[in-house]
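Listed below are the residues making up each chain.
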Amino acid sequence: MNIGASTSCFYPLETEKALNEVIKLGFKKSEIFFNTSSELEPSFVKELRKTADENGVKILSIHPFSSAIENTCIFGEYPRRFEDFIGLYRAHCHAAAILGAGPVVIHGALKQRKIPLDDDFYFERFRTLVEIGKSEGVTVCQENVKRFKSEDIEFMKKMRSALGSDFHMVFDIKQAIRAGYDPFDFLEEMKNEIVHVHLSDNNLPESDCLPPGRGSFDFSRLFNILKAADYKGDYVIEIYSKGLDVKKELAFSKNYFENLNI
């Protein structure tokens, strides 16, 4: 199984340098996590694509740097703010198209807000993002994220019903755990809508985010469930760099997956 690594693993290393580190470790697939607006300039994105192509690396997906402001700027009620910031998502989707990526990962709105957000309003705003993605030939996806509306399985089921065939999910193991779910409950419910997976390990209750192979998560079970669901997406390692020798740990996880009997 050819598993990728996200450039976010090397944060705060600059994006192009992080991609080079992923390449040096021998990964043939990667997710690009953009970190600022200047990185969305077509000239910059084309250089990332050139680097990937020259090294035989497929860019699978992209993650907007603006996730932290989606709550107020995309899913907020103030219309002019939405109009001012929606262009940032056009730029992200265009960057994804240049890179040849598929999924564009969205966090969405916070679960707890001063002014509660109507679910139908949320779904309508998300449809706008979906249509922007379609215009660029990429897929805008909802990720399950702790503290966001998407942390909740029932909300995701409602979103699936509202968006129909336009609903696609990025499944993140550590975020499901942090939200208090057994990841396999989320997986079983959403297995037919998942198009991209963020991999991490855990050894609960000590740590909810470890490099794959350093904990006790049953990856074989995960892969088998998705295989049985005719999963066509990809898998990307996404871990946090704090306190880790990231190069060493990603090399370890890469070897772990290559030797996993699945």
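Above: the structure in question.
Caption draft 1: View of the environment of Glu154. Relative to the elements of secondary structure, Glu154 occurs in helix α6 (residues 153-163). Taking C-alpha positions, Glu154 is 24 Å from Lys232, a pair spaced 78 residues apart along the chain. For Glu154, the side chain forms a polar contact with the side chain of Lys157, separated by 3.3 Å.

Caption draft 2: Up close: the layout of surface pockets. Of the voids in this model, the largest pocket is the one considered here, and its volume is about 460 Å³. Contributing to the lining of the largest pocket are 21 residues, with Phe33, His63, His107, Gln175 and Tyr240 lying nearest its centre. In terms of residue class, the lining of the largest pocket is made up of 8 nonpolar, 8 polar and 5 charged.

Caption draft 3: Summary view of the packing of helix α5 (residues 119-136) against α6. Their axes nearest at 10 Å, the elements α5 and α6 cross at an angle of 60°. By the angle between their axes, α5 is oblique relative to α6. The element α5 and its partner α6 pack so that their crossing is right-handed. Contacts from Asp119, Tyr122, Phe123, Phe126, Arg127 and Val130 in α5 reach Phe155, Lys158, Met159, Ala162 and Leu163 in α6.

Criteria and cut-off values
Residues numbered from 1 in each chain as written. Predicted model: local features only at pLDDT ≥ 70, side-chain atom pairs only at ≥ 80, totals over all residues. Heavy atoms only, no water. Helix = DSSP H or I, 4+ residues; strand = E, 2+ residues; numbered from the N terminus. Polar contact = N/O pair within 3.5 Å; in protein donor to acceptor, adjacent residues only side chain to side chain. 1 Å grid on protein atoms, 1.4 Å probe; cavity = no way out; pocket = protein on both sides within 12 Å on 5 of 7 lines; lining within 4 Å. Points joined across faces, edges and corners; volume = space filled by probe spheres on them. Nonpolar A, V, L, I, M, F, W, Y, C, P; charged D, E, K, R; others polar. Axes fitted to C-alpha atoms, helices over the stretch in contact; angles between N-to-C directions. Parallel < 35°, antiparallel > 145°, perpendicular 65-115°, else oblique. Left-handed = near helix turned anticlockwise from the far one by under 90°. Contact = heavy atoms within 4.5 Å.

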